[in-house]
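Listed here are the chains, written in short residue letters.
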Amino acid sequence: MVIDKKWFLDKIKGFLSEDESNKIKVDGSFIFDPDVLVGFCDGHDSIFEEYKEIIGDFHLTPVEAYTKYCEKYKSPCSTENLSVVAYILPISQNTKKENLEYSKEMPSERWAHTRLFGEQANQKLQKYLVAELKKQEIDAVAPMTQGYMFRIHRKHKKGVWASTWSHRHMAFAAGLGSFGLSDGFINEKGIAMRCGSLIVNYALPSDADKRPTDPYYYCTNCGSCIKRCPKGAITYEGRHDKQSCSEHVMSTIPYIKNNYQINIYSCGLCQVGVPCSDGIPSAEDK
Ligand code: B12
Ligand code: SF4
Ligand code: SF4
């Protein structure tokens, strides 16, 4: 069995097309469009050390995360062939449309469901890929699904809100796109997406050659996301104010509970109705 890009694309498409977790409870349609993106990066790429400077020293390199996993399960640990696999799960067009038309302050029902049940599907997908790789006798771990290594730091030396394993930074390393002014990750399927990543003990051909040097390369600085944010959390000067954003995002909990009967926060208004919603924006969108 060859484990390559096609293998991952087929497995993810199959999962999203068949697994009940990818059906939105509102009407049974897909939460994520199965037409996904996948990228690879060598687990020893120097960018993972750079992330310790950019994000914080708590952000794990693939070698550190995989070693923690081996120690936890007392399994033999060889790290020479580690690769990172990152993927983009595009949010369905119906959900994007609804979140754009619903309100200028509160998320729509489908968007809130995507935050809660879509993230459950995303983590189930990460575990499914690990299990499918193990069937091929390839070891793998999805750090965000491992409670002993995944943490979110609300405050840390360099600022606020950063985790020990950032999926978007993995997607950047794997050449899938770049960050935007809003902090969202711009890619061929659009900024309105959720993403995931795992570490695989198998040498996969790196896509690092597709990675731009500028972390904001695909953002046109059009400023549309500035106008879409109800909290004023995005500005040209301060870029994305995570603390202000998080305050608005958390303030949606009672609204979502009362109106959609689910216990979750969400927003994402800066990811719909903007030139990067459905793909990489063109310079004319400025
Ligand atoms: C903590 C967290 C939050 C925090 C902080 C967000 C943030 N910007 O970090 C809060 C609560 C505010 C938040 C809000 C939201 N979140 Co959130 N969140 C996370 C979580 C759990 C960890 C993120 C993390 O560790 N960030 C680390 C910090 C350092 O990242 P950063 O500040 O964005 O990084 C900047 C710097 O690195 C800088 N930079 C400077 N120099 C350099 C140099 C280089 C080389 C590079 C690469 C970068 C770089 O560029 C980056 C962008 O500005 C991830 C899940 C995960 N495990 O990844 C989801 C995640 C980021 N959230 C997600 C989403 C969808 C949301 C919301 C839309 C809420 C919702 N679901 O409705 C909003 C959107 C906020 C926004 N505008 O981006 C998605 C993002 C998908 C996307 N489309 O981009 C993620 C990836 C979850 C997922 N599984 O898909 N979230
Ligand atoms: S809306 Fe415009 S400025 Fe904002 S992230 Fe997208 S391309 Fe960049
Ligand atoms: S997620 Fe909401 S509050 Fe945060 S930056 Fe985007 S629009 Fe603003």
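What counts, and where the lines are drawn
- Residues numbered from 1 in each chain as written.
- Chains lettered and ligands numbered in written order.
- Predicted model: local features only at pLDDT ≥ 70, side-chain atom pairs only at ≥ 80, totals over all residues.
- Heavy atoms only, no water.
- Pairing = 2+ DSSP bridges.
- Helix = DSSP H or I, 4+ residues; strand = E, 2+ residues; numbered from the N terminus.
- Contact = heavy atoms within 4.5 Å.
- Axes fitted to C-alpha atoms, helices over the stretch in contact; angles between N-to-C directions.
- Polar contact = N/O pair within 3.5 Å; in protein donor to acceptor, adjacent residues only side chain to side chain.
- Buried < 20%, exposed > 50% of the residue type's maximum accessible area, 1.4 Å probe, protein only.
- Arc of directions from axis to C-beta.
- Near = heavy atom within 4 Å.
- Nonpolar A, V, L, I, M, F, W, Y, C, P; charged D, E, K, R; others polar.
- Core = buried A, V, L, I, M, F, W, Y, C linked by side-chain atoms within 4.5 Å.

Draft legend 1. The arrangement of the sheet that holds strand E1 (residues 37-42) in detail. Reading across from one edge, E1-E2-E8-E3 is the order of the four strands in this open sheet, with antiparallel pairing throughout. A single partner strand is all that each edge strand has here, and the edge strands are E1 and strand E3 (140-141). Where E1 and strand E2 (residues 82-90) come together, six bridges link them in antiparallel fashion. By the bridge assignment for E2, Asp42 is matched with Ser83. With respect to the sheet, helix H1 (residues 5-18) is in contact with E1, E2 and strand E8 (193-201), its orientation differing from that of E1 by roughly 140 degrees.

Draft legend 2. Spotlight on the side chain of Ser83. Take Ser83: it is sitting in strand E2. A polar contact is formed between the side chain of Ser83 and the backbone oxygen of Tyr202, at a distance of 2.6 Å. Setting aside residues up to four positions removed in sequence, Ser83 forms contacts with Cys41, Gly43, Leu198, Ile199, Val200, Tyr202, Ala203 and Leu204.

Draft legend 3. Up close: unusual backbone geometry. Unlike most non-glycine residues, Glu137 shows phi in positive territory, near 60 degrees. Exposure remark for Glu137: the relative accessible area of 76% places this residue in the exposed category. We note that Asp183 has phi near 85 degrees; this positive angle belongs to a residue other than glycine. With respect to the helices and strands, the residue Asp183 is situated in the loop between strand E6 (177-179) and strand E7 (185-187). For Asp183, a relative accessible area of 18% gives the class buried.

Draft legend 4. Focus on helix H4 (residues 93-102). Of all the residues in H4, the buried ones are Thr95, Lys96 and Asn99. Axial view of H4: buried residues confined to an arc of 100 degrees, hence all on one face. Of the surrounding secondary structure, the elements contacted by the buried residues of H4 are helix H5 (109-135) and helix H7 (224-228).

Draft legend 5. Representation of the site of ligand 3. As a matter of local geometry, ligand 3 sits amid Cys229, Pro230, Ile234, His240, Cys245, His248, Cys267, Gly268, Leu269 and Cys270. Looking at the shell around ligand 3, its residues break down into seven nonpolar, three polar and no charged.

Draft legend 6. Quick look at the nonpolar core. The biggest cluster of nonpolar side chains holds 36 residues, and the ones touching the most others in it are Phe8, Ile12, Leu133 and Leu198. Looking at this core, the elements that each hand over two or more residues are H1, E1, E2, H5, E8 and helix H9 (253-260). Among the elements that make up this core, the one with the highest residue count is H5 (eight residues). Dropping the residues within four chain positions of it, Leu133 is found in contact with Ile3, Trp7, Phe8, Ile138, Ala140, Leu198 and Val200. Judged by nonpolar contacts, the second largest core, of 33 residues, contains Tyr51, Tyr66, Met149 and Ala174.

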